[in-house]
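Read off the chains here:
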Amino acid sequence: MVVVLSLLSPTFRTIDNALVLLVNGTVIAFLALGQTFVLLTGGIDLSTGANVAMTGVLSALLMQSGLPWPVAALLGLAVGTTLGVVNGLLVHYLKIPAFIATFSTQGVALAIPLIATGANSVSVVDVGFSWIGQGKIAGIPLPVVLLVITAVVAGCYLRLTRPGVHIYAMGGNKAAARLAGVNIPRTTVLVYAVSGFCAGMGGIIATSRLMVGFPATGTGNELFYSIAAAVVGGISLFGGVGTILGAMIGAVLIAVVSNGMNVLNVQSYWQSLVIGLIILAGVSFDTYRRSRARKPSPIPPGKDTSTTAGSHTSTGPGPAASQTSNAPLSQS
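Residues numbered from 1 in each chain as written. Predicted model: local features only at pLDDT ≥ 70, side-chain atom pairs only at ≥ 80, totals over all residues. Heavy atoms only, no water.

Overview of helix 4 (residues 48-64)
- In a regular helix each residue adds 1.5 Å, so 17 residues correspond to 24 Å; helix 4 covers 24 Å between its end C-alpha atoms and thus fits that length.
- Burial analysis of helix 4 places 13 of its 17 residues in the buried class, which makes it a mostly covered element.
- Backbone geometry just downstream of helix 4 places G66 in the positive-phi region, at approximately 115 degrees. (Helix = DSSP H or I, 4+ residues; strand = E, 2+ residues; numbered from the N terminus. Expected span 1.5 Å × (residues − 1). Buried < 20%, exposed > 50% of the residue type's maximum accessible area, 1.4 Å probe, protein only.)

Observations regarding a nonpolar patch on the surface
- There is a patch of nonpolar side chains on the surface, built from V4, L8, L264, V266, Y269, W270, L273, L277 and L280 and spanning about 870 Å² of accessible area.
- Here the element with the most residues in the nonpolar patch is helix 14 (residues 268-294); it accounts for five residues.
- The residue Y269 is located in helix 14 in this model. (Patch = residues over 30% accessible without salt bridge, like charges linked within 9 Å, V, L, I, M, F, W, Y side chains within 5 Å. Areas by Shrake-Rupley, 256 points an atom, 1.4 Å probe, with all protein chains shown as cover. Salt bridge = Lys/Arg side-chain N within 4 Å of Asp/Glu carboxyl O.)

Some thoughts on the nonpolar core
- Counting 59 residues, the largest nonpolar core has F37, F129, L158, I244 and M248 as its most contacted members.
- Each residue touching F129, except ones within four places of it in the same chain, is listed here: M63, W69, A73, V124, I204, T207, S208 and M211.
- Counting residues in each nonpolar core, the second largest holds five residues, with L5, L21, A255 and V256 among its members. (Core = buried A, V, L, I, M, F, W, Y, C linked by side-chain atoms within 4.5 Å. Contact = heavy atoms within 4.5 Å.)

Some points on the packing of helix 2 (residues 15-24) against helix 13 (residues 244-263)
- Look at helix 2 against helix 13: their axes get within 9 Å of each other, and the N-to-C directions meet at 130 degrees. Classified by the angle their axes make, helix 2 and helix 13 are oblique. As for the relative orientation of helix 2 and helix 13, their crossing is right-handed in sense. Between helix 2, through N17, V20 and L21, and helix 13, the contact on the second element is made entirely by A255, V256, N259 and V263.
- Grouping the amino acids of the contact of helix 2 with helix 13 by side-chain chemistry returns five nonpolar, two polar and no charged. (Axes fitted to C-alpha atoms, helices over the stretch in contact; angles between N-to-C directions. Parallel < 35°, antiparallel > 145°, perpendicular 65-115°, else oblique. Left-handed = near helix turned anticlockwise from the far one by under 90°. Nonpolar A, V, L, I, M, F, W, Y, C, P; charged D, E, K, R; others polar.)

Digging into the environment of G218
- For G218, the location among the structural elements is in the loop between strand 4 (212-213) and helix 12 (222-232).
- Using a relative accessible area of 6% as the deciding quantity, one classes G218 as buried.
- Sequence-wise, G218 and A50 are 168 residues apart; in three dimensions their C-alpha atoms are separated by 6.2 Å.
- The residues contacting G218, other than those within four sequence positions of it, are G49, A50 and V52.

Printed below as a string of structure tokens:
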């Protein structure tokens, strides 16, 4: 995609556009990162976009009330994480399907900033807050640095820690994971809390870039794109399969497609069509891969399927063979 779009538009292959692409894709990447944790357990989180709006607006309101911006940002992240914890509690303890539970909390999270602001935007006057979304470290935008650090930590957590392995185990077979000693309640709440935290990070970054808390921030295609990034990046919707690296590559792909179509002056509603087809292709491939994995392996030609393991053993020499041959048919 990068090569094709670079050939179609000289503007696309500039450094400035690459930085804009990365920064614009940061919020989607954070949402995809959190969505990955939930999808790995076989769940889904539909409240992430609304969480972005709620976190950003509440942080702006806290700063407007006089709190320093670091405190306001941390409290906003805490609220976003709390929404994720509530999702996990609803899914596990009340046995509400993840789709319904997170769809319900999405409505609540959408209403909170509208009620708190009267559907108006909230300006941020604390200049220091702009550093989160507009600052740079060694020429690299700070949102990209934060994303890379978070992704590395999340990848190491999933691959190198016991709770991370438990997340994969739960997504592969929940009943077997429980019998193996996996703490299902704790794991369920954990993955939704991570999703809430990542959505909160997206809300803080989006608000810091604009220096305005919009009640509608994150309620557009963000949720749609975050799921697309995870699925295209190899995260299975059935759980238990996928990596953080794959999700991040998927997020970059979505950002590349969106930015490239903007550079080529393609009308915005075509983007949803293209990314919808990308999701359809990703899910179709995932379903096809799983169906092939479930098929029994073909029987080699000439193999006698009626012969049991016991009868094979009885043909061998030694005492074990004689004992097996004298055993009842049901045991052999």
